[in-house]
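Chain residues, written in single-letter form:
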Amino acid sequence: MSEDPLASSPVELAVIGAGPAGMAAAIEARAHGIETLVLDEQGAPGGQVYRNIERICAHESGADAGPADLLGKDYRRGMALVDAFRGCGARYLPGASIWDLALKCPFDGQGADARGGRSPALREDLVEIGIVHRRRARLLQAKTVIVATGSLERPVPVPGATLPGVMGLGAVQSMLKASGMVPDVPVVIAGSGPLVYLATKQLLMAGVSVRALLLTTPSDRLRRVFSSLPDAFSRPKDLYKGLRWRQEIVRKGVPVLRGVSDLAIEGEGRVEAVRFEHRSCHRRLPAYLALLHEGVIANAHLTLAASLAHRWDRRQHALRPLTDDWNQTQRDGRERAVWVAGDCAGIAGASAAVHSARIAALSAAHHLGRIDRRRRNALARPAFKALAFERRFRRFLERIFEPADEVLRPRDLRTMVCRCEEVSVADIERAIEQGCSGPNQLKAFLRCGMGPCQGRMCAGIVSAIFEDHARRTSQGKDRSDPSPPDEDPGHFRIRPPIRPLRLGQLANLETGDVERKGSLDEPKIEAIRGEDSLNEDNSGGEPR
Amino acid sequence: MPSKEYDAVVIGAGLVGAAIAYGLVRIGLRVAVLDEGDSVHRPSHGNFGLVWVQGKGVGRPEYARWTLESSERWFDLNASLVEDCGVDPGYRRPGGITPALSEDELCALKTMLERVRSESAAADFEFEILDDARIRTLLPACGPEVVGGAWTAYDGHVDPLRLLRALHASLDLHGARVRSQTKVRAIVPLPGGGFEIAVASGPSASSEDLAGYDPPKGSSLDGGETNKRLQAQRVVIAAGHGSKALGSMVGIEVPVSPEHGQILVTERTASILEYPTLSVRQSDEGSILLGGSKEDRGFDISAPVRTSAEIAARSLRIFPQIAKLRIVRSWGALRVMTPDGFPIYAASDEYAGAFAVACHSGVTLAANHVWQTSRWIERGTIPPEMACFSPRRFESPSSDVSKIA
């Protein structure tokens, strides 16, 4: 049993995700001698931002403009981080899909999880992670966990968004990085946010025919630039870069329409046209493929599965884990041995992710007794400073690219919210009218969020609808406090498995606490080099 | 008799409360149903969906008969709900099968069913012991470990969420609005009969404190809450785990405790299980549900993976071919357990018109609750043949002494 490094006594630190935050957290932890295991769904480090970076940069020396040129300087910059990660001495398990995260409390009886948190006498958490690796399910235990699962594309709830031929722009960009594949039919791109410009530019360079770029950023948002000038000019280079991307798109002859609203996708059985409003005119644009993007939101599925406390972020219009300044999460008012780092703690971008990961890792190192408080504070100071700087530009982006109200809270009652169970905005409104008290009761009323995607697509919109209702009701009551603090408007209870898991795999779950079958071979842990293929269950991938 | 706002207030809008309320509105009573907030424990939302008779009531023939009666009236209930509101709970009664994994298990099954037949003096109690060939004809998905099983005619299944939805929708159509986010603070018997029920409503009105939970942060207890009073001639406590505290307000002891059960549900697949079993069934939409765990975990409603793994392993011994199916969800729920496992039907001795109902078989007994229990409540008394379900059965002689002392 002891030969298996995964099942050996609990690992000191497990990092989930090998994007910028996960890599940076591992590097920092290793600097303090912490035994670190990095688990990642992908086959190679990089996350979404630097997806496939090692392979792409290895071909860079060739004569042609390779994909690395196409993806730009910022992308290539990730290589330094990957190199440092490869050399940091952390154990790395790629191709591991994580289907559960649970706080396991040693004083809560033999082997009992305590999601419900009923034992107040706990002194130390142990965290249990359910993984599938090479088609086998097992439980790993860790003394501390840093969750660095990044972001998800915000679902865009417009009528017709469920038709075949509608894709997330971020998902298409991921395909470009992963396999160099791009759409071979003309596309219409619609949405808001910096990635819209960047990805459109990249797709144009890769030869994609873009019929139009429809910008859904409401015009009043752009006026906010003036009130955000200091933040905007905190990173003049990035500001300039954004403007240049836009120029390039216009120069390539792509029609760019600003202030587009009331977007709807039309077609019988698949996308045929994009309908929208522009300058008070109804317009209709034939299209084969519609790529939508309204920014990204924190991927909080794991922290929700662990029943950690979450809050509704009113600036990012999404749920995110509740943390202290050191990114440590809590449950039932008590800090837990789980930290979050990078975008899954709230969207802040790749460079901020590195700093927030360092802060989380230093806090975990302190928790594990590797460094004292003073040393932790001293080491974290530069990271806090850098993070504060990064956040200024982020604040600017959040303000000017705040999604339109119709995206956050679909106006069109026909809009499908839960694709799996075909629940529309009208259905939810009716349920609330009939007294449905929150997202969990909505499941019982309408099966909303109970399909195969387990609420991944609709959770945010459902929470937003309830949040909207709660706000309107409280405004009606004329509360003394005009702007209540971020609260949790209620969210789906997330239960394992949060990634695909077959009954047969679960039946043969290796828990590490019972006699295990010796005949099966153990998963290989890479010292650090080498690659591992994705197991078949996670090849579907998550759009950004 | 002074006329009250309501003829009856039903506390609890789960399967038990909603079924009783539905029965009451069908006989013309003015009914209010009170339900709590989004985060309370809702056993009705975690139900497995069986209308199950096989093996129930060993040593308690009244329970065997009571369960059988409900199964017989379930077709009426389903038809009535479809007619009222158009939502079809999808009741099907192909009979239920219990597969046996050894000759000993098969023997035990046979003994048990014969005992139920002789005890309940129902010579026509229909069951069949299946040998290994016969069970494979009925359930071809059985694996090599299955040696036989038992079939009874009265077992069936239903979509429990659609049942709850149908009950709520029908209540609405009959003019009994379910008041959600409403927590009962006090039940005050009024002089001259009837009750006043003090309620708090608002997003934070939940019974989390009941389980010793801290209220979730951010939901301050005074936030957005309004207080109200309702008056009713009768009050029915059907609040599941909340019934213990509520019962004491009207002098009824409801000694219930939570028993943790866990369910896994798979992706939808072609129809492979024509008959439900006690722990595995296929829904009319094609998902396969697996359950059957029983644990004491207090008020913890998580779905621990070790239990899930055991459920999966045991189910695969019976139906190995479902191993390839993906699990879509798992969840835990808390059965409302009485000390002996049999239901509680109680009328208050002190205050006429106060009732309490508690059971873990809200789906199976729904038809009885609609057609019979509502009649008792209308009339104001529980019939003598149901006296064995009074909570007085839990009173030990010693506790009587202590009461006197």
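Residues numbered from 1 in each chain as written. Chains lettered and ligands numbered in written order. Predicted model: local features only at pLDDT ≥ 70, side-chain atom pairs only at ≥ 80, totals over all residues. Heavy atoms only, no water.

Q: Can you lay out the overall build of chain A for me, pointing to particular residues and giving the numbers?
A: Helix and strand counts for chain A come out as 17 helices and 22 strands. Counting across all 544 residues of chain A, residues that qualify as buried make up 60%. In chain A, of all internal contacts separated by at least 6 residues, the share reaching a separation of at least 24 is 71%. Put simply, chain A shows about 22,600 Å² of open surface, and 51% of that area lies on carbon and sulfur atoms. (Helix = DSSP H or I, 4+ residues; strand = E, 2+ residues; numbered from the N terminus. Buried < 20%, exposed > 50% of the residue type's maximum accessible area, 1.4 Å probe, protein only. Contact = heavy atoms within 4.5 Å. Areas by Shrake-Rupley, 256 points an atom, 1.4 Å probe, with all protein chains shown as cover.)

Q: Please give an account of the pattern of salt bridges that cites residues and values.
A: Residue and element names in this part refer to chain A. By the definition in use, this model includes 53 salt bridges over all chains. Note that E402 is salt-bridged to R221, the shortest N-O span being 3.8 Å. Here E402 is found in the loop between α12 (373–400) and α13 (405–408), whereas its partner R221 is found in helix α7 (residues 219–223), with 181 residues between them in sequence. According to the relative accessible area criterion, R221 is buried, its value standing at 5%. Between R411 and D262 there is a salt bridge, and its shortest N-O distance comes to 3.4 Å. (Salt bridge = Lys/Arg side-chain N within 4 Å of Asp/Glu carboxyl O.)

Q: Quick rundown of the sheet that holds strand β15 (residues 289–293) of chain A? Include the residues and the values.
A: Adjacent strands of a sheet pair through backbone hydrogen bonds, lying either parallel or antiparallel. All names here are of chain A. The strand order β8-β15-β9-β10-β11 describes an open sheet built from 5 strands, whose pairing is parallel. Among the strands making up the open sheet, the edge pair consists of β8 (166–168) and β11 (256–257). Note that strand β10 (residues 210–215) and β11 share 2 bridges and pair parallel. Paired with L214 across the strands is L257, a residue of β11. Helix α6 (residues 194–205) contacts β9 (187–191), β10 and β15 of the sheet and is inclined by roughly 175 degrees relative to β10. (Pairing = 2+ DSSP bridges. Axes fitted to C-alpha atoms, helices over the stretch in contact; angles between N-to-C directions.)

Q: Can you tell me about the domain arrangement of chain B, naming the residues and giving the values?
A: Interface size is commonly expressed as the accessible surface area that is lost when the partners come together. Residues and elements named next belong to chain B. By the assigned domains, chain B splits into domain 1 (6–49 + 163–255 + 340–395), domain 2 (96–153) and domain 3 (257–337). On the side of domain 3, 19 residues touch domain 1, which itself brings 17 residues to the contact. Taking both partners together, domain 1 and domain 3 bury about 1,400 Å²; carbon and sulfur atoms supply 70% of that area. Taken together, the connections running from domain 1 to domain 3 amount to 0 salt bridges. On inspection of domain 1 and its partner domain 3, the count reaches 3 residue pairs in polar contact (both at pLDDT 80 or more). (Domains from an automatic or database assignment. Buried area = accessible area lost by both parts, 1.4 Å probe. Polar contact = N/O pair within 3.5 Å; in protein donor to acceptor, adjacent residues only side chain to side chain.)

Q: Would you mind going over the nonpolar core in detail, with residue names and values included?
A: Residue and element names in this part refer to chain A. Counting 100 residues, the largest nonpolar core has I129, V145, I428 and C448 as its most contacted members. Among the elements that take part in this core, helix α11 (residues 350–367) stands out by supplying 10 residues, more than any other. When sequence neighbours within four positions are dropped, the list of residues in contact with C448 reads C418, V423, I428, L442, K443, C458, V462 and F492. (Core = buried A, V, L, I, M, F, W, Y, C linked by side-chain atoms within 4.5 Å.)

Q: Residues and numbers for the packing of helix α15 (residues 439–446) of chain A against helix α5 (residues 160–173) of chain B, please.
A: Running from N to C, α15(A) and α5(B) point in directions that differ by 90 degrees, and their axes come no closer than 7 Å. One element, α15(A), and the other, α5(B), form an angle in the roughly perpendicular class. Residues A:K443, A:A444, A:F445 and A:L446 of α15(A) lie in contact with α5(B), whose contacting residues are B:L161, B:R165 and B:H168. Broken down by class, the residue content of the contact of α15(A) with α5(B) amounts to 4 nonpolar, 1 polar and 2 charged. (Parallel < 35°, antiparallel > 145°, perpendicular 65-115°, else oblique. Nonpolar A, V, L, I, M, F, W, Y, C, P; charged D, E, K, R; others polar.)

Q: Go over the sheet that holds strand β4 (residues 96–100) of chain B, please, and point to the residues and values.
A: Residue and element names in this part refer to chain B. If you walk across this open sheet you meet the 3 strands as β4-β6-β5, and the pairing is antiparallel. Every interior strand has two partners, whereas the edge strands, β4 and β5 (127–130), have only one. Neighbour-to-neighbour, the strand axes of the sheet open up by a mean angle of 15 degrees, direction not taken into account. Pairing analysis gives 5 bridges linking β4 to strand β6 (residues 148–152), with the strands arranged antiparallel. The partner of P99 across the bridge, within β6, is G149.

Q: Outline the pairing of strand β6 (residues 136–147) of chain A, supporting the account with residue identities and numerical values.
A: All names here are of chain A. Within β6, 11 of the 12 residues are buried, leaving the element largely enclosed by the surrounding structure. Note that strand β1 (residues 11–16) and β6 share 5 bridges and pair parallel. Across the sheet, the residue bridging to V11 is A142, located in β6. Between strand β5 (residues 126–133) and β6, which pair antiparallel in sequence order, lie 2 residues; one of them, R134, sits at a positive phi of approximately 50 degrees. By the bridge criterion, 3 bridges tie β6 to strand β20 (residues 334–340) in an arrangement that is parallel. Across the sheet, V145 pairs through a bridge with V338, a residue of β20.

Q: Which residues make up the environment of B:G175, and what are the values?
A: Locating B:G175 in the fold gives a position in the loop between α5 and β8 (178–179). Put simply, B:G175 and B:L29 are 146 residues apart on the chain and 9.9 Å apart in space, counted from C-alpha to C-alpha.

Q: Provide a residue-level description of the side chain of B:H157, including the pertinent values.
A: Residue and element names in this part refer to chain B. Residue position: H157 is located in strand β7 (residues 156–157). Classification of H157 as buried rests on a relative accessible area of 2%. Once residues lying within four places of it in the same chain are set aside, the contact partners of H157 are G49, L50, V51, G90, Y91, R92, P94, P276, R281 and Q282.

Q: Please set out unusual backbone geometry residue by residue, giving values where relevant.
A: All names here are of chain A. P497 follows P496 through a cis peptide bond whose omega is 0 degrees. Considering the arrangement of structural elements, one finds P497 in the loop between α16 (459–476) and α17 (503–507). A positive phi is found at R279, a non-glycine position, where the angle reads about 50 degrees. Among the structural elements, R279 can be located in the loop between β13 (273–278) and β14 (281–286). For R279, a relative accessible area of 71% puts it in the exposed group. Despite not being glycine, H317 has its phi angle at roughly 55 degrees, a positive value. With respect to the element layout, H317 can be found in the loop between β17 (310–313) and β18 (318–321).

Q: Requested: an account of the confidence of the model for chain A, with residues and values cited.
A: Note that predicted coordinates carrying low pLDDT should not be read in detail. Per-residue pLDDT for chain A averages 83, and the proportion of residues at 70 or more is 85%. This stretch, residues 106–122 of chain A, has a pLDDT under 50; its non-local contacts, to residues over four places away or in other chains, come to 52 contacts. (pLDDT = per-residue confidence, 0-100.)

Q: Could you give an account of a nonpolar patch on the surface, naming the residues involved and the relevant values?
A: Together, A:F226, A:L229 and A:F233 make up an exposed nonpolar region whose accessible area comes to about 340 Å². Among the secondary structure elements, A:L229 is positioned in helix α8 (residues 229–232). (Patch = residues over 30% accessible without salt bridge, like charges linked within 9 Å, V, L, I, M, F, W, Y side chains within 5 Å.)

Q: Explain the environment of B:R165 to me, and be specific about the residues and the numbers.
A: Within the secondary structure, B:R165 sits in helix α5. A residue is classified by how much of its surface remains accessible, and B:R165, at 18% relative accessible area, is buried. Sequence separation of B:R165 and B:I129 is 36 residues, and the distance between their C-alpha atoms is 36 Å. Look past the residues within four positions of B:R165 in its chain and what remains in contact with it is A:Q434, A:F445, A:L446 and B:V87.

Q: Please give an account of a negative patch on the surface that cites residues and values.
A: Residue and element names in this part refer to chain B. Together, E103, D104, E105, D131 and D132 give the surface a local cluster of negative charge. Looking at the negative patch element by element, the count peaks at 3 residues for helix α3 (residues 103–119). Relative accessible area serves as the criterion here: at 64%, D104 is assigned to the exposed category. (Lys, Arg positive; Asp, Glu negative; His and termini not counted. Charge placed at Lys NZ, Arg CZ, Asp CG, Glu CD.)

Q: Give a detailed account of the packing of aromatic side chains, specifying residues and quantitative values.
A: Two measures describe an aromatic ring pair: the distance that separates the ring centres and the angle between the ring planes. Per the counting criterion, the structure on display carries 15 aromatic pairs over all chains. Ring centres 5.4 Å apart and planes at 80 degrees place the aromatic pair A:F85 and A:Y92 in the edge-to-face group. Each member of the pair, A:F85 as well as A:Y92, is classed as buried. Considering the side-chain rings of B:Y63 and B:F389, the 6.4 Å spacing of their centres and the 70 degrees angle between planes classify their relative orientation as edge-to-face. Highlighted residues: B:Y63 in helix α2 (residues 61–85) and B:F389 in the loop between α8 (366–379) and α9 (397–404), separated in sequence by 326 residues. Every member of this aromatic cluster is reached through a ring pair, and the members are B:Y63, B:W66, B:F342, B:Y345, B:W376 and B:F389. The ring of A:W326 has A:R376 lying over it, and the distance from NZ or CZ to the ring centre is 3.9 Å. Note that B:R281 overlies the ring of B:F48, its terminal NZ or CZ placed 5.9 Å from the centroid. (Phe/Tyr/Trp six-rings, centres within 6.5 Å; stacked < 30°, edge-to-face > 60°. Lys NZ or Arg CZ within 6 Å of the ring centre and 35° of its normal.)

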